[in-house]
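# Descriptive structure summary
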Amino acid sequence: MDMKTSCRFFTSVCMLLLLLGSSSVYQSLCLVDAQEDAIVISLQVDASNMTRRPIPDTLFGIFFEEINHAGAGGLWAELVSNRGFEAGGQNIPSNIWPWSVIGDESSIYVVTDRSSCFERNKMALKMEVLCDSNGSNNSCPSGGVGVYNPGYWGMNIKEGKKYIVVFYMRSTGDIDLSVSFTSSNGSLPLASENIKALGSEVSNWTRTELVLQANGTDNGARLQFTTTKKGLIWFDQVSAMPMDTYKGRGFRNDLIQMMVDLKPRFLRFPGGCFVEGDWLGNAFRWKETVGAWEERPGHYGDVWKYWTDDGLGHFEFFQLAEDIGATPVWVFNNGISHNDQVETQSVMPFVQEALDGIEFARGDSNSTWGSVRAAMGHPEPFELKYVAVGNEDCPMAYYRGNYLVFYDAIKKAYPDIKIISNCDASSQPLDHPADYFDYHIYTLAKDLFNRSHDFDNTPRNGPKAFVSEYAVNKTDANAGNLLAALGEAAFLLGLEKNSDIVGMVSYAPLFVNTNDRRWIPDAIVFNSSHLYGTPSYWVQQFFTESSGATLLSSILTGNSSLVKASAISFQTNGKDCIQIKAVNIGENPVSLKVEMTRSIAKYYGSKKKVLTSTNLMDENSFSNPKMIVPQESLLEMTEEEGLMFVLPPHSLSSFDLLKESANITKIPISDSHKKASTM
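Residues numbered from 1 in each chain as written. Predicted model: local features only at pLDDT ≥ 70, side-chain atom pairs only at ≥ 80, totals over all residues. Heavy atoms only, no water.

Looking up the protein chain in an unreviewed UniProt entry gives the name non-reducing end alpha-L-arabinofuranosidase, with the organism given as Camelina sativa. Word for word, the UniProt comment on the protein chain under Sequence similarities (unreviewed entry) is "Belongs to the glycosyl hydrolase 51 family." Looking at the protein chain in UniProt, the text filed under Catalytic activity (unreviewed entry) is "Hydrolysis of terminal non-reducing alpha-L-arabinofuranoside residues in alpha-L-arabinosides." (UniProt positions renumbered as here; feature names shortened; annotations may be inferred.)

## Re the pattern of salt bridges
For the structure on display, the rule yields 26 salt bridges. Salt-bridge contacts for Glu 78 lead to Arg 83; the nearest nitrogen and oxygen are separated by 2.9 Å. One exposure class covers both Glu 78 and Arg 83, and it is buried. Residue Asp 435 pairs with Lys 411 through a salt bridge whose shortest N-O separation is 2.9 Å. (Salt bridge = Lys/Arg side-chain N within 4 Å of Asp/Glu carboxyl O. Buried < 20%, exposed > 50% of the residue type's maximum accessible area, 1.4 Å probe, protein only.)

## Remarks on the pairing of strand 22 (residues 464–472)
With 8 of 9 residues buried, strand 22 lies mostly within the body of the structure. Pairing analysis gives 7 bridges linking strand 21 (residues 436–443) to strand 22, with the strands arranged parallel. Across the sheet, the residue bridging to Asp 438 is Phe 466, located in strand 22. Where the polypeptide runs from strand 21 across helix 9 (residues 445–450) and back to strand 22, its parallel neighbour, the crossover connection is right-handed. As paired elements, strand 22 and strand 23 (residues 502–505) share 3 bridges and run parallel to each other. (Helix = DSSP H or I, 4+ residues; strand = E, 2+ residues; numbered from the N terminus. Pairing = 2+ DSSP bridges. Right-handed = clockwise from strand over helix to strand, strands pointing away.)

## Structural notes on the sheet that holds strand 26 (residues 531–533)
Two strands in a sheet stick together by hydrogen bonds in their backbones, pointing the same way (parallel) or opposite ways (antiparallel). Strand order in this open sheet of 3 strands is 24-25-26, and the pairing throughout is mixed. Both outer strands of the open sheet, strand 24 (511–513) and strand 26, are each paired with one neighbouring strand and no more. Taken over all neighbouring pairs, the strand axes of this sheet differ in orientation by 20° on average, direction set aside. Pairing geometry for strand 25 (residues 524–526) and strand 26, over 3 bridges, is antiparallel. When the bridges of strand 26 are listed, Val 525 appears paired with Tyr 532. (Axes fitted to C-alpha atoms, helices over the stretch in contact; angles between N-to-C directions.)

## A look at the sheet that holds strand 32 (residues 603–612)
Here we have 7 strands laid out as an open sheet, ordered 2-27-29-30-35-32-33, and antiparallel in their pairing. Since the sheet does not close on itself, it has two edges, and those belong to strand 2 (53–54) and strand 33 (631–634), each with one partner. Across 3 bridges, the pairing between strand 27 (residues 550–552) and strand 29 (residues 563–572) is antiparallel. If you follow Thr 550 over to strand 29, its bridge partner there is Ser 569.

## What to know about the side chain of Asn 121
Following the sequence through the fold, Asn 121 ends up in the loop between strand 5 (108–113) and strand 6 (124–129). Separated by 3.1 Å, the side chain of Asn 121 and the backbone oxygen of Arg 296 make a polar contact. (Polar contact = N/O pair within 3.5 Å; in protein donor to acceptor, adjacent residues only side chain to side chain.)

## Overview of the state of the cysteines
Enumeration according to the criterion identifies 2 disulfides in this entry. Here Cys 131 pairs with Cys 140 through a disulfide, and the sulfurs are 1.9 Å apart. Classification of the bridge connecting Cys 131 and Cys 140 rests on its S-S torsion, roughly 95°, and on that basis the disulfide is right-handed. Among the residues examined, Cys 131 registers a relative accessible area of 0% and is labelled buried. On the basis of relative accessible area, Cys 140 is assigned to the buried category, the value being 13%. The disulfide that involves Cys 394 links it to Cys 423, with 2.1 Å between the sulfurs. (Disulfide = S-S within 2.5 Å.)

Listed below in C-alpha cells is the structure:
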C-alpha cells in the first residue's frame, strides 16, 4: 500500500469513528496525527468586559408561512380536508374533492347546495340514498353507501388514541348512520359509532359530537359516513381532531416539538406571499379567520395553489406564539398583491383592518375586537410588539405611499409597536421611517457563505435588520443537504457577529408536507405520521443559546478562507460559559487554536457538538432521518494542548468552555489520549 492510499485509508477510518460517536478514540488516534498536516488557524477572543456587547433577546426565531401544506394538513391537526365543502366554489353543483362517494349511481346521489345554516359559508353536502335494507328491489350493499374523506393524503389513526369527530347534519326522515375511521380502501374498520335519530330530531341542522377510540393503526386512513337507510341527509362542517393536541390547542405535537427545540424567540406569521396573494381577492384576511371555526369561510391561497379552511387563524397564531414563549411578529397586507394594488388615496380601509387586527391582539376585553378575542378564550391581551407592513412589496408603485399611511396611523395609536418596512437598508439609508427593515436572501451555498459580512458596513444609526427569510436555494441544496446547511451556518455566524444591527433572523420555509413540495428546500419535512429535520434545521439548533447572550469580539488569523467562527458567552446552570462556533466548508481538517486575550481566567472543556457527513450532498430522509444530525460529546482537553480544536472537513462545530472556579473540576482525559499525546 503506497503512502497516498494509506493516507486515504486512515482518513476514512477516522471519519467512520467520528460518525459512530467514538469521540475519545477519534481524538486519540486521529486528531493528534491529523494535526501534523492540518491547516492551523487562530481565533483570538477578547474575553474581557471591554469589547463584549449584548446580543438581542429576539435574535433567532422562526417564520411560519402557509406554504407546502405547512398548516392545513400539517401543524394544524385537523384531519378533514375541505371540511365545509367550500373549496369547490360558491356555484352549484361544485367539486367536493377530496370527498368521494361510496356506492354507485343506482344507490346514491351526492350534490352540493347552498342550504347551510352558516351565513359565511353556505355550501352543504346533500346525500340522497336511493337503496334500502328492507328487502326492496334496490338493496344497499352490506357495508352501506355514503361518503368518505381521506384527509391530507391519509389520516394518521393510531391504536388506542381518541379522536373528536364533530359534524352538522339534517334529514327529512329517520336516520341510521355509521361514522367510522377505516383503512385507506375502507375494508378495515379502525373505530366506529352508530347514530340513530328520529326525523323530528334532525329536521333542522343539528350538531353532533363523537369520541372515537381507534382499535387499529393506519397512517393512510379515512373518515366515512355510511348508511343502508333510504332518504335524504345533509352534512356540513365536518371535523376530526386527535384529542391529544399540543396543550389542547389543536396543534400537532411532533411538529410543535421540532419548533420548541429551536428555542425560538419570535414567531413571524402568517406569511410570506400567503399574505399578499397573487390577487388581493385571495389574500389572507384576518377577520375571516376568527370566531367559531364553523363560521370561518376559508379561502383559496392562489400563490401556493390550495384551499385552507382557516382553522389556523389570527387567534391561533397569537396563542401559538404565547404557548412556545415566542414574541409574535404579525405580517399584514398593505393593499398590495403580486398582480394588483390599491392606490394610496384609497388604502385607508386596509389601514383600519390592520388597526383592528392590532386591537384584537392588544385591546381591552371590552373593546370591539378585544371582546372577540376574549370570547375565544383569551381575555388578557397578547403581547404584540412587532408588525410588518406587507411582504416583499418595496418595488411596487404604491408601497412607499401606502406604508407611510400605515406607519403614521399605527404609531399614533400604538407608539410602542415596532414597524418593519419591506425596503432594504443594508447598504443605503431608507427614504422613510422604520424601526426594522426586512431582508430576504435565497442564493447558492458559496455565495451565502461569503455573505457572512453582509452587514459589516451597514450604518448603525438607522433601523435594525430583520433577516426574516434566508436559505440556500435548491440549485445547491436539492431537497436539503449538508452543503446548504454549512453555507447557512457561516451566514448565521456573520449575523450573530453583526447583532448590534441585525435584530431578528429566521429561516424559510419552515415546513413542507412531502406530498406537496411547492418550495424546496425546507427545514422540517413531514407526512401524516413521520417527520425529520434537514441539515438546515439542525444548524439552527447550534444557535439556541445565542439570543440574549453576550457577543465576544473575535478575530480569525491564518489561511481562513474556508472557515468562519464566532464566540459568545452566557450563563448555564449558574456557571460562566464561552461557546466557540466554527464552520469548515473545506475538504481538509482544520486545527483551530483559540487564544483568550485580556483575561487571566482559565477555561475547561464542557461539551462539543459536530454536524458533518461523508459527502456534502448527503441528505436526511424518511428512511434515514438521522443521517446528518449533531453528535454531542464531552469536550476533552489537556493543559499541554490548551484551547486547540480540530474542525473536521465539511462540518459545523461548537465547543462549550466553562470558566474555572472553586466548584468546577476539569473533565478527565482518557488514558488513550494521554498516551497518544506523549508518542
